[in-house]
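Chains, contacts and geometry: an overview
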Amino acid sequence: MAPGNSSGSESKRKAMALPGAGSDGVLARLGNTVRQSEVFHKGKRAISNTARFSKKIIWSTGKAAWIAGTTFLVVGLPLLIEIDRDAQLAELEGHQASLLGAPSQPPGLAAMK
């Protein structure tokens, strides 16, 4: 074929050209139409707002978990250790009292005297 002659394969190539190359295909034009629609922009904005809100919620939840965890370690854990130590001491006193032959008393009554 001569270089100046236009064939069917050239027109197919032009139809299949990249979207930015001047001749847009049907799917590219449809995509542009959808992206320019108001519904698309409202949906995109809603998704963006939802993502931003979710990020803030996760960040706040993480901060709250950090505060709760450190508070438990500083206040709650020593308290639990002390309560366990008192329970062991009361159990040991009850065991010693039973070995010595004294009537065993519930730990609550021994503390009241």
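Residues numbered from 1 in each chain as written. Predicted model: local features only at pLDDT ≥ 70, side-chain atom pairs only at ≥ 80, totals over all residues. Heavy atoms only, no water.

Moving on, we get to the overall build of the protein chain. Helix and strand counts for the protein chain come out as four helices and zero strands. Each helix and strand of the protein chain, ordered N terminal to C terminal, gives the series α-α-α-α. Relative to its full complement of 113 residues, the protein chain shows a buried share of 3%. Within the structure as shown, the protein chain displays about 10,000 Å² of accessible surface, and the carbon and sulfur contribution to it stands at 67%. (Helix = DSSP H or I, 4+ residues; strand = E, 2+ residues; numbered from the N terminus. Buried < 20%, exposed > 50% of the residue type's maximum accessible area, 1.4 Å probe, protein only. Areas by Shrake-Rupley, 256 points an atom, 1.4 Å probe, with all protein chains shown as cover.)

Packed helices, taken two at a time, are described by the angle between their axes plus the distance between the axes. Orientation of helix α2 (residues 26-36) relative to helix α3 (residues 38-100), taken along the N-to-C sense of each, is 65°, at an axis distance of 5 Å. Each of Val 34, Arg 35 and Gln 36 in α2 lies in contact with α3, whose residues at this interface are Glu 38, Phe 40 and His 41. Partitioned by chemical class, the residues of the contact of α2 with α3 number two nonpolar, two polar and two charged. (Axes fitted to C-alpha atoms, helices over the stretch in contact; angles between N-to-C directions. Contact = heavy atoms within 4.5 Å. Nonpolar A, V, L, I, M, F, W, Y, C, P; charged D, E, K, R; others polar.)

Turning to the pattern of salt bridges, a few remarks are in order. Pairing is possible between side chains of opposite charge, provided their charged atoms come close. The full count for this structure, using the stated rule, is two salt bridges. Note that Glu 82 and Arg 85 form a salt bridge whose closest N and O atoms lie 3.5 Å from each other. Placement of the pair is Glu 82 and Arg 85 together in helix α3, with a separation of three residues, close to one helical turn. Judged by its relative accessible area of 36%, Glu 82 falls in the partly exposed class. (Salt bridge = Lys/Arg side-chain N within 4 Å of Asp/Glu carboxyl O.)

What follows concerns α3. Helix length check: α3 (63 residues) gives 89 Å between terminal C-alpha atoms against 93 Å at 1.5 Å per residue, within 8%. Within two residues after α3, Gly 101 carries a phi angle of roughly 95°, on the positive side. (Expected span 1.5 Å × (residues − 1).)

Okay, the confidence of the model for the protein chain next. Residue-level pLDDT values for the protein chain average 79, and 69% of them are 70 or greater. Across residues 17-21 the pLDDT falls below 50, and counting only partners more than four positions away or on other chains, this stretch makes four contacts in the model. (pLDDT = per-residue confidence, 0-100.)

Together, Phe 72, Leu 73, Val 74, Val 75, Leu 77, Leu 79, Leu 80, Ile 81 and Ile 83 give the surface a local cluster of nonpolar side chains, amounting to about 860 Å² of exposed area. Looking at where Val 75 falls in the secondary structure, it is placed in helix α3. Classification of Val 75 by relative accessible area gives exposed; the value is 52%. (Patch = residues over 30% accessible without salt bridge, like charges linked within 9 Å, V, L, I, M, F, W, Y side chains within 5 Å.)

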